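Listed below, chain by chain, are the residues.
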Amino acid sequence: MSIERTLSIIKPDATRRNLTGLINAKFEDAGLKIIGQKRLQLTRTMAEKFYEIHKDRPFYNDLVDFMISGPVVVQVLEGENAVKSNRAVMGSTNPDEANEGTIRKEFAESIEANSVHGSDSLENANIEISFFFANIELVA
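First, a word on what this report is: a plain description of the structure on this page.

**Side note on the overall build of the protein**
- Helix and strand content of the protein: seven helices and four strands.
- Its helices and strands taken in sequence order, the protein reads β-α-α-β-α-α-β-α-α-β-α from the N to the C terminus.
- Relative to the compact-globule value of 14 Å for 140 residues, the protein shows a C-alpha radius of gyration of 14 Å, a close match.
- Counting only C-alpha atoms, the protein reaches 35 × 35 × 25 Å along its principal axes.
- Taking all 140 residues of the protein together, the buried fraction comes to 48%.

Listed below in structure tokens is the structure:
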């Protein structure tokens, strides 16, 4: 097992409903430690750049619009196999297909408003973390 870091975003649908604490409790209960965190309002430019990998997909514009619709909480999670652990805690992108007890099963409003984002690989985690955080902001 290796200690990894991964990016987590608590999306506007969840921050609007004050679910940050409940969601973070699920990460911590799974053994993930929050080592960096900030609440911010993404600009359109930030959201477009962050989700640039999806720019040719039909949902891109709606995703950007959603991500700028309210504040988000961006955070870095650290733990054993953090990328995989985070994805397990989040559950399937489609909340109807997510396992019981996962964040998306419990809190998502829809496949689009699914409460959380998490890095899908260690490589992308490193890119995504550096998008939002300087090393000095990460305290283990």
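**Comments concerning unusual backbone geometry**
- Not every positive phi belongs to a glycine, and N81 is a case in point at roughly 45 degrees.
- Note that N81 resides in the loop between β3 (72-80) and α5 (82-90).

**Description of the side chain of T6**
- As for its placement among the helices and strands, T6 is situated in strand β1 (residues 3-10).
- When its relative accessible area of 0% is taken as the criterion, T6 is described as buried.
- Within the structure, T6 has its side chain in polar contact with the side chain of S119 (distance 3.5 Å).
- For T6, the contacting residues outside a window of four places in its chain are Q75, V76, L77, A82, V83, N86, S119, A125 and I129.

**As for the packing of aromatic side chains**
- Scanning the model with the defined rule gives four aromatic pairs in all.
- Between F50 and Y51 the ring centres are 4.9 Å apart and the planes differ by 85 degrees, which places this aromatic pair in the edge-to-face class.
- Classification of F50 by relative accessible area gives buried; the value is 11%.
- Classification of Y51 as buried rests on a relative accessible area of 5%.
- What links up through ring pairs into an aromatic cluster is the set F50, Y51, F131 and F132.
- Lying over the aromatic face of F133, K38 brings its terminal NZ or CZ to 4.7 Å of the ring centre.

**Some words on the pairing of β1**
- Among the eight residues in β1, six count as buried, and that is most of the element.
- Where β1 meets β3, eight bridges bridge the pair, whose relative direction is antiparallel. If you follow I10 over to β3, its bridge partner there is V73.
- Where β1 and strand β4 (residues 116-118) come together, three bridges link them in antiparallel fashion. Bridging from a neighbouring strand, I10 pairs with V116 of β4.

**As for helix α2 (residues 20-29)**
- Those residues of α2 that fall on the buried side of the exposure criterion are T20, I23, N24, K26 and F27. Angular distribution of buried residues about the axis of α2 spans 150 degrees; they occupy a single face of the element. Pointing more than 90 degrees away from the buried face of α2 are the exposed residues G21, L22 and D29.
- Following α2 by one or two positions, G31 has its phi on the positive side, about 90 degrees.

**With respect to the sheet that holds β4**
- Ordered by their spatial adjacency, four strands build an open sheet running β2-β3-β1-β4, and the pairing between neighbours is antiparallel. Where the open sheet ends on each side, the last strands, each with one partner, are β2 (33-40) and β4. Adjacent strand axes in the sheet meet at a mean angle of 20 degrees when their direction is disregarded.

Rules of the game
Residues numbered from 1 in each chain as written. Predicted model: local features only at pLDDT ≥ 70, side-chain atom pairs only at ≥ 80, totals over all residues. Heavy atoms only, no water. Helix = DSSP H or I, 4+ residues; strand = E, 2+ residues; numbered from the N terminus. Rg over C-alpha atoms; globule rule 2.2 N^0.38 Å. Buried < 20%, exposed > 50% of the residue type's maximum accessible area, 1.4 Å probe, protein only. Polar contact = N/O pair within 3.5 Å; in protein donor to acceptor, adjacent residues only side chain to side chain. Contact = heavy atoms within 4.5 Å. Phe/Tyr/Trp six-rings, centres within 6.5 Å; stacked < 30°, edge-to-face > 60°. Lys NZ or Arg CZ within 6 Å of the ring centre and 35° of its normal. Pairing = 2+ DSSP bridges. Arc of directions from axis to C-beta. Axes fitted to C-alpha atoms, helices over the stretch in contact; angles between N-to-C directions.

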